[in-house]
Amino acid sequence: MTSTSTYANGAAQPRPNRDVIISVRDLVVGFGDKTIMKGLNLDVYRGEVLGFVGGSGQGKSVLTRAILGLVPTRGGAIRIFGQDRDALGPIERRALEQRWGVLFQNGALFSGLTVKQNIQMPMRETRELSQRLMDELAMLKLELVGLGSDAADKFPSELSGGMVKRAALARALALDPELVFLDEPTSGLDPISAADFDELIGTLQQTLGLTVFMVTHDLDSLYSICDRVAALAEGRVIASGPLETLLASDHPWLKAYFHGVRGGRLSAARIEHKDEEWKPAPTTP
Amino acid sequence: MTVAAMQRLPTVTRQASAEGVRLSLSGDWTLVASQRLENEGRRIIDEARRDRMVAIDLSAVSQLDTAGAWLINRARHDLARRDVAVALEHVRPEYSTLLEEAHYRAFEPPARPRLNLVFALLSDLGESAVDALREFYRGVSFLGEFMASMIYVATHPQRFRFTSLVAQIELIGFRSVPIIVLINVLVGGIVAQQGIFQLLKFGASSYTVSLIGILVLRELGVLLTSIMIAGRSGSAITAELGSMKMREEIDALLVMGLSPIEVLIAPRVLGLIISLPILTFIADMAALFGGMVVSWWYGGISPVAFASLLKDAIALHTFMVGIIKAPFMALVIGLIASMDGLATKGSAESLGRQVTSSVVKSIFMVIVMDGLFAIFFASIDY
């Protein structure tokens, strides 16, 4: 199995001259007397899908929130689009925030607004567009993420878990961001929906030229759409690179993660079928 | 690379050529341009609609996003409907996927049934009447459920959550004491001041003491306390139960075979029933104290004189009238707060609405109950 996944943009191996879109250096984050990130370094390149793995409670979400500026950092530097995030004034911060989209783990849709209004929220607040165009764009985004027009006028509490994720993704994509953060996008979805969602992220990444930072536990997502994978343990990134590098690593945690009971089964299956396109078994009606 | 420096405004340029009209698009066709983007999109149509053949040249487009692609596609569609033949030229491969994804389709707004205004008004009226009745029915049935669970608890005292009850009494009763004392001292003082000024005209300022004593003990003490507690603890109960409902905690209790009324509501309502009479007593004392200080200050009635006048003016039943009402007020507040909390739906807005409705309804019901008690006590001459 080579690193060229189905959706890799051009060369899958990170070339040193590739455009770094997020760069995290010596990041220290802690709460109270507990230090969670101890000098973490991470690079995300333009146009790639980076899968970010780590044990529960290791601080994957904390890192995402630190990059987004929702959690105060104690040290280190975070550069996004080449700008030092901490050095930005409020206006530049705002401009920066309009260039990324975030899919929170539980969707974080505004419960008092319909799905359509949720998607239009960022457009309404930051752009001057006619209601007609906003309606059309919202419906287009809904269609892109695979939701029908009947979902548009529903409230978040009337949606199923998978629909919430899709609607939240549509909202994250509302302003056509260059960078998208996805926090466990496939958790809580059935394998078919999860595979659909992976494919969706891949398609969107390809069409819109997105850079995707994806926190995930879903080994399938790592195999199918991630160009690179970074693993978090002990407060730092212990390994990053194409999936094979991580599979070949003999770090005890990575071995347990990829070659444990669940990971092992999947990687064995993948290697067996490495030459054939994986297709679901035909179902009999 | 700041956004402002990077930005190239989307622009449409028209050139007439031998075979027809050529529109060159240039700049960033992205949402960053907001209104300008939409206007340029419209200009594509304006520039080309009187021609037979139009070529749209995308070679100078530096950036394209879904909004830009959509506007170009929409313009193509509109032109096609006016019998203008449109051809896209010099489309970069990455743009062609995007143009493909954002191909034109009609989004029809879902049809809304149109209602006659009179009909809508009547149906609204009917609905709210039925809702009010249903609400009343729900209240009565909730009271029944609560009573049944109280009887169950009385026969199985080991099932009762005393720790929870004590915690609620602390929360509802103990922590309300400062604010209850403060407002009652003030109101007692205000009543005394007005009483002295008005009764002085008849030379009867010593009757101020009976005015304060009777008004405070029979009505004001319990009323102010109930209203304060409806706002302070009723809203808290509704919000707590409402957010538990939203996060499926209530359902979790139900599937464990536990009754939310027994686990959550009984301690809160009992906490209210125990706390409110105590708070009413404290409120009475505070208001009498406030009245005494002001009478001394404004009316020259010394505390000793105030005490002896008060002793003549009131009897034990004056005090009891107030205290008897307190547990009933507590029950009403507790039941309304719990019921509204459990009626919360999924959204944050709904929680806010339930809390508001709980407080408004409790205060209204407290005043109605007070009126009913007044009629009752008058008719039994108590």
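Here is what the cut-offs are and how they apply
- Each chain carries its own residue numbering, running from 1 in the written order of its sequence.
- Chain labels run from A onward and ligand labels from 1 onward, assigned in the order the entries are written.
- For this predicted model, a pLDDT threshold of at least 70 governs which residues receive local features, and a threshold of 80 or more governs which side-chain atom pairs are given and counted, while totals over whole chains, interfaces and linings are taken from all residues.
- Secondary structure is summarised from DSSP: a helix means a run of H or I of at least four residues, a strand means a run of E of at least two, and numbering begins at the N terminus for each.
- Using C-alpha atoms as the atom set, the radius of gyration is obtained and then compared with a globule rule of 2.2 Å times the number of residues to the power 0.38.
- Counting other C-beta atoms within 10 Å of each residue's C-beta, where C-beta atoms are placed from the backbone, gives the exposure class: buried for 20 or more, exposed for 12 or fewer, partly exposed between.
- The contact criterion used here is simple: two residues whose C-beta atoms, placed from the backbone, lie within 7 Å are in contact.
- We call two strands paired when DSSP finds no fewer than two bridges between them.
- Note on geometry: axes are lines fitted to C-alpha atoms, helical ones only across the stretch in contact, with angles between N-to-C directions running from 0 to 180 degrees.
- For a helix, the expected span equals 1.5 Å multiplied by the residue count minus one.
- Here, a nonpolar core denotes buried Ala, Val, Leu, Ile, Met, Phe, Trp, Tyr and Cys residues that are linked to one another through C-beta atoms within 7 Å.
- Confidence of the predictor in every single residue is expressed as pLDDT, which spans 0 to 100.
- Here a crossover is taken to be right-handed if, once the strands point away from the viewer, the path from the first strand over the helix to the second is traced clockwise.

**Here we look at the overall build of chain B**
- Counting its secondary structure elements, chain B contains 13 helices and four strands.
- For 382 residues, the compact-globule estimate of 2.2 N^0.38 gives 21 Å, and the C-alpha radius of gyration of chain B, at 36 Å, exceeds that figure by more than 25%.
- The principal-axis extents of the C-alpha atoms in chain B amount to approximately 110 × 60 × 55 Å.
- Within chain B, the proportion of its 382 residues that are buried is 35%.
- Long-range pairs, those at least 24 residues apart, make up 85% of the contacts in chain B between residues at least 6 apart in sequence.

**Points about the sheet that holds strand β5 (residues 83-84) of chain A**
Residues and elements named next belong to chain A.
- Spatially, the four strands line up as an open sheet ordered β2-β1-β4-β5, and their pairing is antiparallel. Strand pairing shows two members of the sheet lacking a second neighbour, β2 (34-45) and β5, which therefore form its edges.
- The sheet contact formed by strand β4 (residues 75-80) and β5 spans two bridges and is antiparallel. Each residue of the ladder has a partner; that of R79, found in β5, is D84.
- Of the strands in this sheet, β1 (20-31), β2 and β4 touch helix α1 (residues 60-68), which is tilted by about 115° from β1.

**Quick word on the environment of R50 of chain B**
Residue and element names in this part refer to chain B.
- Locating R50 in the fold gives a position in the loop between α2 (35-48) and β3 (53-64).
- Judged by the 9 C-beta atoms lying within 10 Å of it, R50 falls in the exposed class.
- Along the sequence, R50 and V21 sit 29 residues apart, while their C-alpha atoms lie 10.0 Å from each other.

**Overview of α2 of chain B**
- The first and last C-alpha atoms of α2 of chain B sit 20 Å apart over 14 residues, in line with the 20 Å expected at 1.5 Å per residue.
- Taken residue by residue, α2 of chain B has L37, E38, E40, G41, I44 and A48 of chain B as its buried positions.
- At its buried positions, α2 of chain B is contacted by α4 (131-144) of chain A together with β1 (11-17), β2 (20-29), β3 and α3 (66-81) of chain B.

**Digging into the sheet that holds β3 of chain B**
Residues and elements named next belong to chain B.
- Pairing within the open sheet is mixed, and its four strands lie in the order β1-β2-β3-β4. Two strands lie at the open edges of the sheet, namely β1 and β4 (85-89), each paired on one side alone. Each adjacent strand pair in this sheet contributes to an overall mean axis angle of 20°, direction not counted.
- Sheet analysis places β1 next to β2, joined by seven bridges and oriented antiparallel. Pairing of T13 across the sheet is with S24, part of β2.
- Strands in contact with α2 are β1, β2 and β3; relative to β1, the strand with the most contacts, it is inclined by about 15°.

**Re the nonpolar core**
- In this structure, L50, L142, A167, V212, F213 and M214 of chain A are the most contacted members of the largest nonpolar core, which totals 105 residues.
- Top element by residues in this core is α4 of chain A. It accounts for eight residues.
- Discounting chain neighbours no more than four positions away, the residues touching V212 of chain A are V49, L50, V180, L182, I201 and Q205 of chain A.
- Counting 52 residues, the second largest nonpolar core, distinct from the first, contains L224, A230, M329 and I333 of chain B.

**A word on unusual backbone geometry**
All names here are of chain A.
- Phi at A108 is positive, roughly 50°, even though this residue is not glycine.
- Relative to the assigned elements, A108 resides in the loop between β6 (100-103) and α3 (115-126).
- One non-glycine residue with positive phi stands out, namely D176, at about 50°.
- Examined against the element boundaries, D176 turns out to sit in the loop between α5 (161-172) and β7 (179-183).
- D176 gets classed as buried once you count the C-beta atoms within 10 Å, which come to 24.

**Remarks on the confidence of the model for chain A**
All names here are of chain A.
- With 86% of its residues at a pLDDT of 70 or more, chain A has an overall mean of 80.
- The element-level mean pLDDT for chain A is lowest in helix α10 (residues 261-272), coming to 65, with strand β8 (residues 211-215) highest at 90.
- Below pLDDT 50 for its whole length, residues 1-15 participates in 29 contacts with residues either more than four positions away or in separate chains.
- Counting contacts from residues 274-278, a segment whose pLDDT is below 50, to residues more than four positions away or on other chains yields two contacts.

**Concerning helix α6 (residues 191-208) of chain A**
- The end-to-end C-alpha distance of α6 of chain A, which contains 18 residues, comes to 25 Å, matching closely the 26 Å that a straight helix rising 1.5 Å per residue would cover.
- When we look at burial in α6 of chain A, the residues that qualify are A194, F197, D198, I201, G202, L204, Q205, T207 and L208 of chain A.
- In the core, the buried residues of α6 of chain A are packed alongside β3 (49-54), α4, α5, β8 and α7 (219-225) of chain A together with α4 (93-101) of chain B.
- Downstream of α6 of chain A by a residue or two, G209 of chain A has a phi angle that is positive, lying close to 65°.

**Overview of the confidence of the model for chain B**
- On average, residues of chain B carry a pLDDT of 88, and 97% of them reach 70 or more.
- Across the whole predicted complex the pTM is 0.71, and at the interface the ipTM reaches 0.73.

**Some details on the pairing of strand β10 (residues 236-241) of chain A**
Residues and elements named next belong to chain A.
- Judged from the five bridges that link them, strand β9 (residues 228-233) and β10 form a sheet pairing that is antiparallel. Note that in β10 the partner of A233 across the bridge is R236.
- Counting the residues in the hairpin turn of β9 and β10 gives two residues, including E234, whose phi is positive at 55°.

**Describing the pairing of β7 of chain A**
Residue and element names in this part refer to chain A.
- By the criterion of burial, β7 is predominantly enclosed, with five of the five residues buried.
- Of the two faces of β7, the one carrying L179, F181 and D183 and the one carrying V180 and L182 are both buried.
- In the sheet, β6 pairs with β7 via four bridges, with the strands oriented parallel. Across the sheet, residue L103 finds its bridge partner in β7, namely L182.
- When β7 meets β8, the two strands line up parallel, connected through five bridges. Note that in β8 the partner of L179 across the bridge is T211.
- Read from β7 through α6 to β8, the crossover connection turns out right-handed.

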